[in-house]
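This is what each chain is made of:
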Amino acid sequence: MLACPRCRRGLDPDRACACGFEPKRRDGVLDLMTPEQTAAYAAFRDGYETLRRREGWGGDDLELPFEPRAHHDIWTVRQRTFKRLEGLLRQRLPEGGAALDAGAGNCWLTRHLEHWGFDPVAVDVNDGPVDGLRAGGAYLGIGDHFERVRAPMESLPFRDGAFRLVLAADALHYCPDMAAALGEFKRVLAPDGLIVVMDSPWYERERHGARAWESGVRAMVDRHGVSRDVAGRSRFLFRAAFAADATRNGLGFEVIRPWPGWRRTLEAASARFYERRLAAFPILVVRRAA
Ligand SMILES: C[S@@+](CC[C@H](N)C(=O)[O-])C[C@H]1O[C@@H](n2cnc3c(N)ncnc32)[C@H](O)[C@@H]1O
């Protein structure tokens, strides 16, 4: 299933590739990033960890999306999306198969994929112990089984067609080149597989997303003292750009909208009154265009 990140030949995780690339393991996480990739993502990783710490993320209970330690309003919406995802996967991929959790963070959703009958792999550029792949070791300690691989989602170290499910939860909008990531998701997807993008902020119109993003960035800079670059790294999805990226990659998609609950529904209505829009968090089901 693995491919060398440098030469793309099949890779044995326990030996150096013929091209000279050497896989490494640290606390159980397989590191498949080249030194160039590691350098390219270092600033993001440091900035992301600082921001997440100041925002009070990480160190959560193992039972996510239930019983979170903080950010209850976000997790309440995510619980609904999570339940909808479970039903959707049972219906559309009942036989399971290999699954990729792209931008897996602490792997809380990776372990659910395993419970639902998939054989999952967690991928992230962050292998940190609080909020990154090494935090996922806690699940392995209580009997879950999955592989953790440090790699960027826009250059995946896997062979073509390796996965029946590629999932990006709360992750695609962090990626500086979403079209490249979608292209990689398609490359590693089995012919009858599904890509699911969820928990990313979604707007029908770019101007609504841009306005919300701008005020979010300003608030993060003021509140947490991080740079604009760090605060602005997480962006948003909007229909025209996502449709263009999907079409460019030969993909089609449908938008499934789980009900976000009364609180978010009322907040969205009030925002409309003031000519603003709140982000929606739909489940985007993406597959090869017919
Ligand atoms: C907000 S967290 C989401 C974690 C988890 N998927 C969840 O649903 O809670 C976003 C994750 O995406 C990762 N990430 C951001 N850009 C990435 C990239 N280009 N390739 C792989 N992972 C990336 C971050 O390191 C982080 O762990």
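Residues numbered from 1 in each chain as written. Predicted model: local features only at pLDDT ≥ 70, side-chain atom pairs only at ≥ 80, totals over all residues.

So, the overall build of the protein
Next up, step 1: Looking only at helices and strands, the protein features nine helices and eleven strands.
Next up, step 2: Taken over C-alpha atoms, the radius of gyration comes to 18 Å for the protein, in line with the 19 Å a tight globule of 290 residues would show.
Next up, step 3: Taking the principal axes of its C-alpha atoms as reference, the protein extends roughly 60 × 45 × 40 Å.
Next up, step 4: Here the protein holds 290 residues, and 38% of them are scored as buried.
Next up, step 5: Across the protein, every contact between residues at least 6 apart in sequence was considered, and the portion connecting residues at least 24 apart equals 70%. (Helix = DSSP H or I, 4+ residues; strand = E, 2+ residues; numbered from the N terminus. Rg over C-alpha atoms; globule rule 2.2 N^0.38 Å. Buried ≥ 20, exposed ≤ 12 C-beta atoms within 10 Å, placed from the backbone. Contact = placed C-beta atoms within 7 Å.)

Observations regarding the pairing of strand β11 (residues 283-288)
Moving residue by residue along a regular strand, the side chains alternate between the two faces of the sheet.
Next up, step 1: When strand β7 (residues 189-198) meets β11, the two strands line up antiparallel, connected through four bridges. Residue pairing in the sheet places Val 196 in a bridge with Val 285 of β11. (Pairing = 2+ DSSP bridges.)

Topic: unusual backbone geometry
Next up, step 1: The residue after Leu 64, namely Pro 65, is reached through a cis peptide bond having omega 10°.
Next up, step 2: Here Pro 65 is to be found in the loop between α1 (35-55) and α2 (72-92).
Next up, step 3: Look at Glu 67: it is not a glycine, yet its phi comes out positive at around 50°.
Next up, step 4: Structurally, Glu 67 can be placed in the loop between α1 and α2.
Next up, step 5: Note on Glu 67: 11 C-beta atoms within 10 Å, which makes it exposed.
Next up, step 6: The residue Asp 170 is not glycine, and still its phi comes out positive at about 55°.
Next up, step 7: For Asp 170, a count of 19 C-beta atoms within 10 Å translates into the label partly exposed.

Some remarks on the packing of helix α5 (residues 178-187) against helix α8 (residues 239-248)
Next up, step 1: Following both chains from N to C, one finds α5 and α8 inclined at 40°, their axes separated by 9 Å at the closest point. By the angle between their axes, α5 is oblique relative to α8. Considering the relative orientation of α5 and α8, their crossing is right-handed. Note on element contacts: α8 touches α5 through Asp 245, Ala 246 and Arg 248, opposite Met 178, Ala 179 and Leu 182. (Axes fitted to C-alpha atoms, helices over the stretch in contact; angles between N-to-C directions. Parallel < 35°, antiparallel > 145°, perpendicular 65-115°, else oblique. Left-handed = near helix turned anticlockwise from the far one by under 90°.)

What about the environment of Ala 162?
Next up, step 1: With respect to the helices and strands, the residue Ala 162 is situated in the loop between β5 (147-150) and β6 (163-169).
Next up, step 2: Sequence separation of Ala 162 and Leu 100 is 62 residues, and the distance between their C-alpha atoms is 9.1 Å.
Next up, step 3: Contacts of Ala 162, omitting those with residues within four sequence positions, involve Met 1, Ala 98 and Val 188.

What about the sheet that holds strand β10 (residues 251-256)?
Next up, step 1: Spatially, β1-β2-β5-β4-β3-β6-β7-β11-β10 is the arrangement adopted by the nine strands of the open sheet, whose pairing is mixed. With partners counted over all chains shown, the strands left at the sheet margins are β1 (24-26) and β10, one partner each. With strand direction ignored, the average angle separating the axes of adjacent strands in the sheet is 25°.
Next up, step 2: By the bridge criterion, six bridges tie strand β3 (residues 97-102) to strand β4 (residues 118-124) in an arrangement that is parallel. For Ala 102, the partnering residue across the bridge sits in β4 and is Val 123.
Next up, step 3: The strands touched by helix α3 (residues 108-115) are β3, β4 and β6; relative to β4, the strand with the most contacts, the crossing angle is about 165°.
Next up, step 4: Together, β6, β7 and β10 form the strand contacts of α5, whose direction differs from that of β7 by roughly 145°.

Thoughts on α3
Next up, step 1: Most of α3 sits out of view: six of its eight residues are buried.
Next up, step 2: Those residues of α3 that sit buried are Trp 108, Leu 109, Thr 110, Arg 111, His 112 and Leu 113.
Next up, step 3: For α3, the secondary structure elements touched by its buried residues are β3, β4, α4 (137-140) and β6.
Next up, step 4: Count one or two residues on from α3 and you reach Gly 117, which has phi positive near 100°.

Remarks on the environment of Ile 74
Next up, step 1: Counting through the fold element by element, Ile 74 comes out in helix α2.
Next up, step 2: Ile 74 sits in the partly exposed class, given 16 other C-beta atoms within 10 Å.
Next up, step 3: C-alpha separation for the pair Ile 74 and Arg 264, spaced 190 residues apart in sequence, amounts to 9.6 Å.

None of the figures reported here should be taken as evidence of function without further support.
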